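What the coordinates show
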Amino acid sequence: MLEQIGSMIFQTDFVFSIFRITAPILFAALAAVVAEKAGVTNIGLEGIMLFCALFGTLFAYWTQNWFIGVCSAVVVGVFFALLIGFFALQLNTDIILAGIAVNTMSSGGTIFLLYMFTGERGNTAALTSSKLLIPTVEIPILNKIPILGDILSGHAVLTYVAFIMVFLVWILLYKTAIGLKIRAVGENEHAAESVGVNVRFIKYIALAISGVFCGLGGAFMSMYYSQSFNTGIIAGRGFIALAAQAMGQGEPVGAMFSSLLFGFAQALRTKVSGIQGVSSNLISAMPYLVTIIGMVIYAASTMRKVKRRNADKEKNQ
Amino acid sequence: MKKWLSLAVASVMVLGMITGCSPSSNNSSNNQEEAKVLNVCNLVNGNLGDKSFFDSAQAGLEQLEADGKITFKTIEMGATDADQPKWLETLNEVSDSGEYDLIICGTYQMPDYLKEVADAHPDQKYLIYDDTTYVGQSPNVANMSFKQNDVGYMVGVFAAAMTTSGYTNTNEDPVIGFLGGVDSPVINDFLYGYLVGAQSVNPDIKVDTRYVTNYYDTAYGKELALSMINDNNVDIIWGCGGTAGNGGAEAAQETGKAWFIGVDSDQEQTFAEELAAITLTSGLKNVGDGLIWFIDELNAGNEYWGQEICLGINEGGVGIVTDKNFANVPQEVQDAVLAAQEAVSNGEITVPSALSDGGNAEAIALRDSMQP
């Protein structure tokens with residue numbers, strides 16, 4: 001059995017699939033990172049992504065242009081993120097409740113909107129065509145290199161965008177003025193306020209950025225990963241992303257690695273499911289199990305670090 | 001100006017209602033003299049628009065209404081966890097009203113609610129489709145099930161004959177795929193027939209069986225199908241898991257290395273062009289035709305209360321699509337499928353079922369032995 005797994009893992013399509021699985025989770029994780037940095041917990045990722053997935057497909061279909069579809073998904077993502085912001089920041093609702101409300105609204109709301117706009121109620125499989133999907137790119141030169149080319153070339157545009165965004169978010173947070181303000185507000189909003197930062201405005205900005213990433217993630221789901229929209233399409237990826245954000249200590253690079261870990265586990269689950277006598281129900285827990293193990297290892301290592309630091313302190317004293 | 005416009009629109013709508021209603025009411029009163037027009041309530045524990053199960057039931061009832069045999073009302077109760085409390089409540093409500101001669105519901109999620117309500121309303125008649133949990137325990141409930149193992153058998157024959165037929169985009173390896181929703185008896189009933197049917201064509205055939213573990217994650221369904229195609233050279237995939245199963249069609253279309261088979265309804269008709277093009281056939285489970293059969297039987301004086309009715313090919317309950325893309329596959333494949341259909345319908349072949357005692361375990365054992 002191990003041999004079988006080995007032969008499946010040491011294949012380029014396995015590594016390729018890790019990136020494909022990771023991309024939507026990474027988008028959502030980045031959305032969580034930016035929001036959390038400004039001290040707002042955006043728990044509505046799942047629902048926002050579902051709305052974005054719907055409108056991405058619809059606009060692509062109406063305009064017969066995938067790019068407009070993706071842009072519309074982003075606009076819708078920003079709209080719903082700001083809606084959460086409006087309820088939480090303007091009307092002082094608990095932001096967790098506002099997020100839950102968006103999640104709840106999304107499952108019935110998308111069916112309603114889908115039916116209203118298209119007359120379809122279940123999915124959009126009748127509207128899709130491959131020219132409405134997010135295209136894949138072959139990277140010149142790189143795609144000529146054996147193995148590496150097979151792994152890194154030929155992904156969807158948004159897959160590359162997801163990983164580039166990790167870098168851009170890091171720059172945004174640590175190298176720009178607005179990033180400094182976001183972090184300041186998240187760290188201590190009263191202190192930030194005292195030096196003249198418009199706390200509410202910064203929180204709106206952070207939520208809007210988080211909405212952009214939800215839009216990209218939602219579009220990725222319904223316009224590339226799956227070719228059509230259905231109401232269960234996000235399938236918990238928004239919640240997994242919240243875990244990835246926490247596991248990555250709220251940092252963009254950390255969130256990327258924890259998303260990749262989850263992507264690896266999911267890809268492994270796919271491969272293992274083809275092995276004789278393996279129960280699909282049992283291995284469906286695999287990605288979550290790997291996440292838990294990852295967190296335990298991480299917690300153990302930080303605890304050792306903290307202990308060592310404390311011990312050093314005592315010595316110095 | 002605006003006022004006049006709205007008045008005009010309103011009057012047109014009212015006229016439309018009057019003209020729309022009058023023929024049907026005439027119809028029913030005419031028929032009432034011949035046979036009693038049953039008033040039916042159709043409870044959907046989900047939403048219409050699934051393009052298979054519930055839509056099929058709805059189409060059957062619409063047909064019956066058009067033929068003047070029934071009048072009916074469909075209530076969509078929603079599918080999510082939040083909607084579930086409504087199911088029992090609605091069932092009770094329509095039963096208490098006493099307006100309906102027959103109340104219809106379906107799926108494995110309803111029997112517990114139905115048992116409770118049916119026992120409390122002994123004079124009300126009920127029909128539950130695609131479930132056999134409490135067969136015979138309530139004298140006012142009829143259980144309608146479908147021989148999905150027979151569907152599986154015909155699809156299995158088709159897939160096994162196709163994979164080595166040398167048709168475009170197929171490879172030489174005798175390996176076919178099954179993309180199921182959840183590892184459960186009803187899905188495994190499809191699977192059992194599929195395995196046995198495939199073996200009847202080629203005893204050495206391998207069947208790569210994967211389960212999405214739900215019915216909605218199309219993306220993961222596609223991921224599994226890609227793994228089947230890349231790792232095991234699967235070139236025919238039967239998607240048997242609702243929307244999640246459609247991931248098989250997407251993977252087949254994108255790789256250009258495989259074909260797809262649909263389930264429940266004629267999926268070739270429900271897909272957009274490109275996905276339809278790679279859908280060669282579909283295994284059918286015709287809930288609507290089953291309901292028409294049931295009402296016709298009732299009118300003929302055959303009652304099935306307190307019994308199980310298992311509908312097969314002969315009752316129109318199940319079948320396989322044999323036109324459109326199917327008509328373009330090699331003639332010997334078509335002949336093999338038609339022969340299998342004939343043999344199943346006249347009883348020459350009895351297909352084992354995963355719903356029988358110990359059947360699910362047998363299906364699982366066979367599945368594991370045929371996994372590549």
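Residues numbered from 1 in each chain as written. Chains lettered and ligands numbered in written order. Predicted model: local features only at pLDDT ≥ 70, side-chain atom pairs only at ≥ 80, totals over all residues. Heavy atoms only, no water.

**Quick look at the overall build of chain B**
- Looking only at helices and strands, chain B has 13 helices and twelve strands in total.
- Relative to a compact globule of 372 residues, whose C-alpha radius of gyration would be 21 Å, chain B shows 23 Å and is just as compact.
- In terms of principal-axis extent, the alpha carbons of chain B reach across some 65 × 60 × 40 Å.
- When each of the 372 residues of chain B is scored for burial, the buried share is 56%.
- Long-range pairs, those at least 24 residues apart, make up 67% of the contacts in chain B between residues at least 6 apart in sequence.
- Accessible surface computed for chain B: about 15000 Å², of which carbon and sulfur atoms make up 51%. (Helix = DSSP H or I, 4+ residues; strand = E, 2+ residues; numbered from the N terminus. Rg over C-alpha atoms; globule rule 2.2 N^0.38 Å. Buried < 20%, exposed > 50% of the residue type's maximum accessible area, 1.4 Å probe, protein only. Contact = heavy atoms within 4.5 Å. Areas by Shrake-Rupley, 256 points an atom, 1.4 Å probe, with all protein chains shown as cover.)

**Quick notes on the packing of aromatic side chains**
- For the structure shown, the criterion picks out 24 aromatic pairs over all chains.
- Judged by centre distance (5.1 Å) and plane angle (80°), the ring pair of phenylalanine 79 of chain A and phenylalanine 80 of chain A falls under edge-to-face.
- Among the residues examined, phenylalanine 80 of chain A registers a relative accessible area of 8% and is labelled buried.
- Taken together, a centroid distance of 5.7 Å and an interplanar angle of 80° make the contact between phenylalanine 178 of chain B and tryptophan 238 of chain B edge-to-face. Of the two residues, phenylalanine 178 of chain B is situated in strand E6 (residues 175-180) and tryptophan 238 of chain B in strand E8 (residues 236-240); the sequence distance between them amounts to 60 residues.
- Residue phenylalanine 178 of chain B is classed as buried on the basis of its relative accessible area of 0%.
- Among the aromatic residues, those joined into a ring-pair cluster are Phe55, Phe59, Trp62 and Phe117 of chain A.
- Here the basic side chain of lysine 115 of chain B rests over the ring of tyrosine 134 of chain B, its NZ or CZ set 5.9 Å away from the ring centre. (Phe/Tyr/Trp six-rings, centres within 6.5 Å; stacked < 30°, edge-to-face > 60°. Lys NZ or Arg CZ within 6 Å of the ring centre and 35° of its normal.)

**Considering unusual backbone geometry**
All names here are of chain A.
- The phi angle at asparagine 92 is positive, at roughly 60°, despite the residue not being glycine.
- By secondary structure assignment, the location of asparagine 92 is in the loop between helix H4 (66-90) and helix H5 (95-118).
- Although it is not a glycine, isoleucine 141 sits at a positive phi angle of roughly 70°.
- Judged by relative accessible area, which is 68%, isoleucine 141 ranks as exposed.

**Details of the domain arrangement of chain B**
Residues and elements named next belong to chain B.
- We note that the domain assignment places domain 1 (34-146) and domain 2 (148-285 + 318-370) within chain B.
- In this complex, domain 1 contributes six residues to the contact, which on the side of domain 2 involves six residues.
- Together domain 1 and domain 2 conceal approximately 650 Å² of surface at their shared face, both sides included; 56% is due to carbon and sulfur atoms.
- Our enumeration of links across domain 1 and domain 2 arrives at one salt bridge.
- The partner of lysine 285 in a salt bridge is aspartate 130, with the nearest N and O atoms 3.1 Å apart.
- When the residues that make up the side of domain 1 that touches domain 2 are grouped by side-chain class, the tally is two nonpolar, two polar and two charged. (Domains from an automatic or database assignment. Buried area = accessible area lost by both parts, 1.4 Å probe. Salt bridge = Lys/Arg side-chain N within 4 Å of Asp/Glu carboxyl O. Nonpolar A, V, L, I, M, F, W, Y, C, P; charged D, E, K, R; others polar.)

**Notes on the layout of surface pockets**
- Counted as a void, the second largest pocket has a volume near 640 Å³.
- Contributing to the lining of the second largest pocket are 26 residues, with Phe16, Arg20 and Tyr224 of chain A together with Leu226 and Glu254 of chain B lying nearest its centre.
- Counting residues per element, the ones that place at least two in the lining of the second largest pocket are helix H2 (12-37) and helix H12 (252-272) of chain A together with helix H7 (218-232) and helix H8 (242-255) of chain B.
- By residue class, the composition of the lining of the second largest pocket is seven nonpolar, ten polar and nine charged. (1 Å grid on protein atoms, 1.4 Å probe; cavity = no way out; pocket = protein on both sides within 12 Å on 5 of 7 lines; lining within 4 Å. Points joined across faces, edges and corners; volume = space filled by probe spheres on them.)

**Observations concerning the side chain of serine 145 of chain B**
All names here are of chain B.
- Relative to the assigned elements, serine 145 resides in strand E5 (residues 141-146).
- By relative accessible area, serine 145 is classed as buried at 6%.
- Here the side chain of serine 145 touches glutamate 308 through a polar contact of 2.9 Å, side chain to side chain. (Polar contact = N/O pair within 3.5 Å; in protein donor to acceptor, adjacent residues only side chain to side chain.)

**Remarks on the pairing of E6 of chain B**
Residues and elements named next belong to chain B.
- Counting buried positions along E6 yields six of six residues, so the element is predominantly enclosed.
- Inspection of the sheet shows E6 paired to strand E7 (residues 206-211) by six bridges, in the parallel sense. Its bridge partner being in E7, leucine 179 is matched across the sheet by arginine 210.
- Traced from E6 through helix H6 (residues 185-201) to E7, the parallel crossover comes out right-handed.
- One ladder, built from four bridges, connects E6 with E8; its direction is parallel. In the strand pairing of E8, glycine 177 is matched with isoleucine 237. (Pairing = 2+ DSSP bridges. Right-handed = clockwise from strand over helix to strand, strands pointing away.)

**Structural notes on empty space enclosed by the protein**
- Considering all chains together, one arrives at four cavities of 30 Å³ or more under this definition.
- In this structure, the largest cavity encloses a volume near 90 Å³.
- Around the largest cavity, the lining is made up of 13 residues, and of these Ser273 and Val278 of chain A together with Thr209, Tyr211 and Arg367 of chain B lie nearest the centre.
- Of all elements in the fold, only helix H13 (280-283) of chain A together with E7 and helix H13 (359-370) of chain B reach the threshold of two or more residues within the lining of the largest cavity.
- Top element by residues in the lining of the largest cavity is E7 of chain B. It accounts for three residues.

**Some thoughts on a nonpolar patch on the surface**
All names here are of chain A.
- A contiguous nonpolar surface patch, about 590 Å² in accessible area, is contributed by Ile164, Phe167, Leu168, Trp170, Val253 and Phe257.
- Mapped by element, the contributors of at least two residues to the nonpolar patch are helix H7 (157-175) and H12.
- Sort the elements by how many residues they give to the nonpolar patch and H7 lands first, with four residues.
- You can see phenylalanine 257 is positioned in helix H12.
- On the basis of relative accessible area, phenylalanine 257 is assigned to the exposed category, the value being 52%. (Patch = residues over 30% accessible without salt bridge, like charges linked within 9 Å, V, L, I, M, F, W, Y side chains within 5 Å.)

**Here's the deal with the interface of chain A and chain B**
- At the junction of the two partners, chain A supplies 42 residues and chain B supplies 38 residues.
- For the pair chain A and chain B, the two sides together bury roughly 3100 Å², of which 43% comes from carbon and sulfur.
- Among the residues chain A hides against chain B, the three largest losses belong to Arg121, Gln227 and Thr270 of chain A. Together they make up 18% of the total.
- In this structure, the connection of chain A to chain B is made through three salt bridges.

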